[in-house]
Amino acid sequence: MKKGGLNYKFTMLFLVFSLFLAFILCFLNIRAYWKDLLEEYFKKAKYAASTTAFLLDGEKVKRYSQTLEMDSEYQKEIWFIDNLAVRLGVENLYVMVPISEEEIMFVYDAGKLEEGMLDSTRQKLGKTTDFTGKNYSAAKDLILNGKQAEGLEITNEEFGYLASAYELLYSAEGEVVGFVGADYSIKEMEKSLVFYIFRHAIWVFVIVSIGIVVLLHIVKNGLILPIQEISKDAARFAIDYKEEPNKGFLRKNARDELEELGYTFYKMKKDIINYISNLERVTIDKEKLSIELHVAASIQESMLPSIFPAFPERKDIDIYALMAPAREVGGDFYDFFFIDEGHMAVVVADVSGKGVPASLFMVITKTLIKNEALSGKSVGEIFTTVNHQLVENNKEDMFVTAFMGILELSSGRFCYVSAGHNPPLYKAENGNVVWLREKPSFVLAGFYGTCYTEYEMELKAGDLVFLYTDGVTEALNIIDEFYGEDRLFAIFRKLVENTGVLEEILHNIQNDIIKFANTAVQADDITMLIFRYLG
C-alpha cells in the first residue's frame, strides 16, 4: 500500500473515525450505565431501609435509646436485622436516633461481616457520632425538613466508601423516633462498572477489527469489481443480512464512485451494529430479569413450610400442603404453625394479581397474620387487625382473600374465619363430606373498619379439613371450561374414601387438574392444604 495514496488515506481515515466513534460510544454507554447503576442501588437501598422501618417497632427503638439496656429482646432484634441485611444484600443496616442537631446515637447496627472482621467493629447501643458532617446530610435533611433524597448519599469517610439511603422510623403515635439507614459498598458497584467496561472494550475491539479486516481485504484485492456491483451487493446486504456480504465486492477503476461506496457500506455496517447492539441489550435484560425472578421464587418458597411430615413427634395432628405458582413467583400462600403447645393455626390465602407485586403483598400479609396470631388473639381479631394494617398505604388497591382456623388439639374445637375465600371441604369420621359454607366476611385490605365473623365447630378424631385457593376451582381447559366445585367435591370424596395419606390426596387432585386442563396454560396459582385431627 503506497503511503500517501487514496487507499492509505481512506484506511487511516476509517481507523481514526472508528476509534473516535468507539470512544464516544463507550463513554456515553459507560456514563449511562453508571447512572442506571446508581439508580438501581438507590432503589435497593431505599427498599431495604423502608422494609426495615416497616418491620421494626418504633416504640422499642425509642425505649432502647432511652434505657440503653441490651436485654435478650434487644439481642433478638439485632439477630433479626442481621438476617434481614443478609436477605436484602446490604453492607450495613442500622437504626439511629438524633440526640440533638449535632449528634446522633446508634440503636441497632447490623449487616454483613466480611471475612476476618470481628463483631466488635459494629457500633454498640448508645454510641454517638457527629450529625453535622457529610456522612448523614441526607438523613438530617429528611428528619428536619421531611425532604426525601433523589439519589444515593455517597461518602468516603468514617465507615468506608459507601452509598446510603434512609427512611424515617415512627412511633405508634406517629412521632419521628429516628431513621433507618442502608449502605451498599461503592467497591461492589465499581466492580460491576469495571466488568461492564471490559465487556464493551472487547465488543468495540471486535467491531473495529472486523471493519479494518474487511477494508484491508477490499484494498488487498484491488476492488476489481465495478462500483455499481459493489453498491448493489451492499444494498442487498443492508436489506437482507443473510446475504453473503463479500459477494461482488471486488472492483477496479472506481474513482468518483468511492463516495457512493462509502455511504452504502457505512449504512450496511450501521444497520448491523444497531441490530446486534439492540439484540445484546434485550438478551442481557431478559437474563437479568430471569435471575432476579429465580431468586425471588427461591425466597418465596423458603418462606412456606415445606418439610413433611411437619410434626412427626406429635400424635394428635397430621398435615400436608403444596403450592404451584402460575408464574415464577405467585400471590398465593399457605402457612401452619403452633401458637402454643395446645393450639395450631392454619392459613390459606390468595392475593389479587400475579407475579412480583402479588408476591410482595403476600409476604407482608403472611408476616402480619402470623405476628398477630402469636400474640394470642382470636381469628376474628387477627383478621380485623391485619385488615387495618393492610389498608394503610395500599396505593395499588390490592386485596387478599383468606381462610384461617385455630385448632385446639386437646378438645378438637376449631375456630375459623373467611375473608371472601373459597369454602373448605370437611370430611367427618363417619365418611360424610360437606362444604363449610358459612357466610364469608369481606376481603382483607378492602375497607377500614371491616369486622370478621368467627365460626366454630368440633372436630372428632379422624376428621379432615381441606383448604384451597380459587386457582383450583377456576382452572381452565382448552375450551375455557372451569374445573369447578362439583369436580373438586367428587374427586375429594373419592380420594378420602380410597386413601388416608394426605400427600397422595393433594397430589392426586393436582394431577386431576392437570389432566382436565390438558394443554391449557395454568392461569392462576394453585394452593392446597389438608389436615387430619387425630384426637
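Asker: Requested: an account of the overall build of the protein chain, with residues and values cited.
Answerer: For the protein chain, the helix and strand inventory stands at 12 helices and 16 strands. Counting only residues that meet the buried cut, the protein chain has 43% of its 535 residues in that class. Taking the intrachain contacts of the protein chain between residues at least 6 apart in sequence as the baseline, contacts between residues at least 24 apart amount to 68%. Of the roughly 29000 Å² that the protein chain leaves accessible, carbon and sulfur atoms contribute 57%.

Asker: Give me the lowdown on the pattern of salt bridges, citing residues and values where you can.
Answerer: On inspection of all chains with the given rule, the structure shows 12 salt bridges. Among the ionic pairs, K60 bridges to E77, the shortest N-O distance being 3.5 Å. Here the residue K60 occupies a position in helix α2 (residues 58-67), and E77 occupies one in helix α3 (residues 72-88), the gap between them amounting to 17 residues. Judged by its relative accessible area of 12%, E77 falls in the buried class. Note that D318 is salt-bridged to R532, the shortest N-O span being 3.9 Å.

Asker: Lay out the sheet that holds strand β8 (residues 332-340) with the relevant residues and their values.
Answerer: Strand order in the open sheet formed by 5 strands is β8-β9-β10-β11-β14, with antiparallel pairing between adjacent strands. For this open sheet the edge positions go to β8 and β14 (455-458), each flanked by a neighbour on one side alone. Going across the sheet, the axis of each strand differs from the next one's by a mean of 15°, ignoring polarity. Across 4 bridges, strand β11 (residues 413-419) lies against β14 in antiparallel orientation. Looking across to β14, one finds that Y416 is bridged to Y455. Here helix α8 (residues 355-374) sits on the sheet and contacts β8, β9 (343-351) and β10 (400-408); the angle it forms with β8, its principal contact strand, is near 15°. Taken strand by strand, helix α9 (residues 379-391) contacts β10 and β11, and its axis lies near 150° from that of β10.

Asker: Any details on the pairing of β9? Residues and values, ideally.
Answerer: Across the 9 residues of β9, 8 count as buried, placing the element largely inside the fold. Both β8 and β9 contribute to a ladder of 8 bridges, which runs antiparallel. By the bridge assignment for β9, D335 is matched with V347. Adjacent in sequence and paired antiparallel, β8 and β9 are bridged by 2 residues. Bridging between β9 and β10 involves 9 bridges; their strand directions are antiparallel. In the sheet register, V346 faces β10, and the bridge partner there is G405.

Asker: Which residues make up a negative patch on the surface, and what values go with them?
Answerer: Negative charge collects at one region of the surface, where E101, E102, E103 and D130 lie side by side. By relative accessible area, which is 35% here, E103 ends up partly exposed.

Asker: Before we move on, could you go through the confidence of the model for the protein chain and cite the residues and values that matter?
Answerer: The share of residues in the protein chain with pLDDT of 70 or more is 77%, and the mean pLDDT across the chain is 81. Low pLDDT, under 50, characterises residues 115-120; the stretch is placed with 3 contacts to residues that sit more than four places away or in other chains. A low-confidence stretch, residues 247-254 stays under pLDDT 50, and its non-local contacts, those more than four residues away or across chains, total 32 contacts.

Asker: Would you mind going over the packing of aromatic side chains in detail, with residue names and values included?
Answerer: Using the criterion set out here, one finds 20 aromatic pairs in the structure. An aromatic cluster is present here, built from F308, F311, Y320, Y334, F336 and F338 joined pairwise through their rings.

Asker: Quick rundown of unusual backbone geometry? Include the residues and the values.
Answerer: At the junction of F308 and P309, the peptide bond is cis and its omega measures out at 0° in the coordinates. Here P309 shows up in the loop between α7 (258-303) and β7 (317-324). Of note, the phi angle at D480 is positive, near 60°, even though the residue is not glycine. Mapped onto the secondary structure, D480 falls in the loop between α10 (470-473) and α11 (484-498).

Asker: So what's going on with the side chain of S65? Which residues, and what values?
Answerer: Mapped onto the elements, S65 comes out in helix α2. Exposure remark for S65: the relative accessible area of 15% places this residue in the buried category. A polar side-chain atom of S65 sits 2.6 Å from the main-chain carbonyl oxygen of K62. For S65, the residues in contact, after removing those within four places along its chain, are V97, M105 and V107.

Asker: Describe the sheet that holds strand β16 (residues 526-533), with residues and values.
Answerer: Read from one edge to the other, the open sheet built from 5 strands follows the order β7-β16-β15-β12-β13, with strand pairing classed as antiparallel. Only two strands of the sheet have a single partner each, and these edge strands are β7 and β13 (433-435). For this sheet, the mean inter-axis angle between neighbouring strands, taken without regard to orientation, is 15°. Pairing of strand β12 (residues 425-427) with β13, which is carried by 3 bridges, proceeds in the antiparallel orientation. Bridge pairing in β13 places K427 opposite V433.

Asker: Summarise the side chain of D335; cite the residues concerned and give the values.
Answerer: Inspection of the secondary structure assignment puts D335 in strand β8. Polar contacts involving the side chain of D335 include one to the side chain of K366, which spans 3.4 Å. Residues within four places of D335 in sequence aside, it is in contact with P305, A345, V346, V347, K366, K370 and L529.

Asker: Describe α9, and please don't skip the residues or the numbers.
Answerer: Structural remark: α-helix, 3.6 residues per turn; residues separated by three or four positions point the same way. Between its first and last C-alpha atoms α9 spans 18 Å; for 13 residues at 1.5 Å apiece the expected length is 18 Å, and the two agree. Taken together, the buried positions of α9 are V379, G380, I382, F383, V386, N387, L390 and V391. The buried residues of α9 occupy one face: seen down the axis, they fall within an arc of 155°. Each element contacted by the buried residues of α9 is listed here: α8, β10 and β11. A positive phi of about 60° marks N393, the residue just after α9.

Asker: How would you explain α2 if you had to name every residue and give the values?
Answerer: Looking at α2, one finds that the buried residues are G58, V61, Y64 and S65. Take α2 and look down its axis: the buried residues cluster within an arc of 125°, on one side only. Between the side-chain oxygen at the start of α2 and the backbone nitrogen of E59 there is a gap of 2.9 Å, and the oxygen is on D57. Taken from the residues just after α2, L68 is the one with a positive phi, measuring 55°.

What counts as what
Each chain has its residues counted from 1, running along the sequence as written. Under the rules for a predicted model, residues below a pLDDT of 70 receive no local features and side-chain atom pairs below 80 are neither given nor counted, while totals for whole chains, interfaces and linings still include all residues. Derived side-chain values reflect all non-hydrogen atoms in the structure, with water molecules and hydrogen atoms excluded from consideration. Strands here mean DSSP runs of E at least two residues long; helices mean DSSP runs of H or I at least four residues long; both are numbered from the N terminus. The buried label applies to any residue whose accessible area, calculated with a 1.4 Å probe on protein chains only, is under 20% of its type's maximum; exposed applies above 50%, and partly exposed to all values in between. Residue contacts are defined here by distance: any two heavy atoms, one from each residue, within 4.5 Å place the two residues in contact. Note that accessible areas follow from Shrake-Rupley with a 1.4 Å probe, and for residues the cover is restricted to the protein chains shown. Whenever a carboxyl oxygen of Asp or Glu lies within 4 Å of a side-chain nitrogen of Lys or Arg, that contact is scored as a salt bridge. When DSSP finds two or more bridges between a pair of strands, those strands are recorded as paired. Convention adopted: a line fitted to C-alpha atoms gives each axis, helices being fitted over their contacting stretch, and angles between N-to-C directions are expressed from 0 to 180 degrees. For patch detection, residues must exceed 30% relative accessible area and be free of salt bridges, and they are connected within 9 Å for like charges or within 5 Å for nonpolar side chains (Val, Leu, Ile, Met, Phe, Trp, Tyr). Residues counted as positive are Lys and Arg, residues counted as negative are Asp and Glu, and His and the chain ends are not counted. Here the site of a charge means NZ on Lys, CZ on Arg, CG on Asp, or CD on Glu. pLDDT is a residue-level measure of predictor confidence that goes from 0 to 100. Aromatic contacts are taken between Phe, Tyr and Trp rings whose centres are within 6.5 Å, Trp giving its six-membered ring; a plane angle under 30 degrees counts as stacked, one over 60 as edge-to-face, and the others as tilted. Any pair of nitrogen or oxygen atoms within 3.5 Å is treated as a polar contact; in protein, a donor-acceptor pairing is required on top of that, and neighbouring residues in sequence qualify only through side-chain atoms on both sides. Helices are assigned an expected span. That span is 1.5 Å times one less than the residue count. Arc, as used here, means the arc of the directions from the helix axis to the C-beta atoms.

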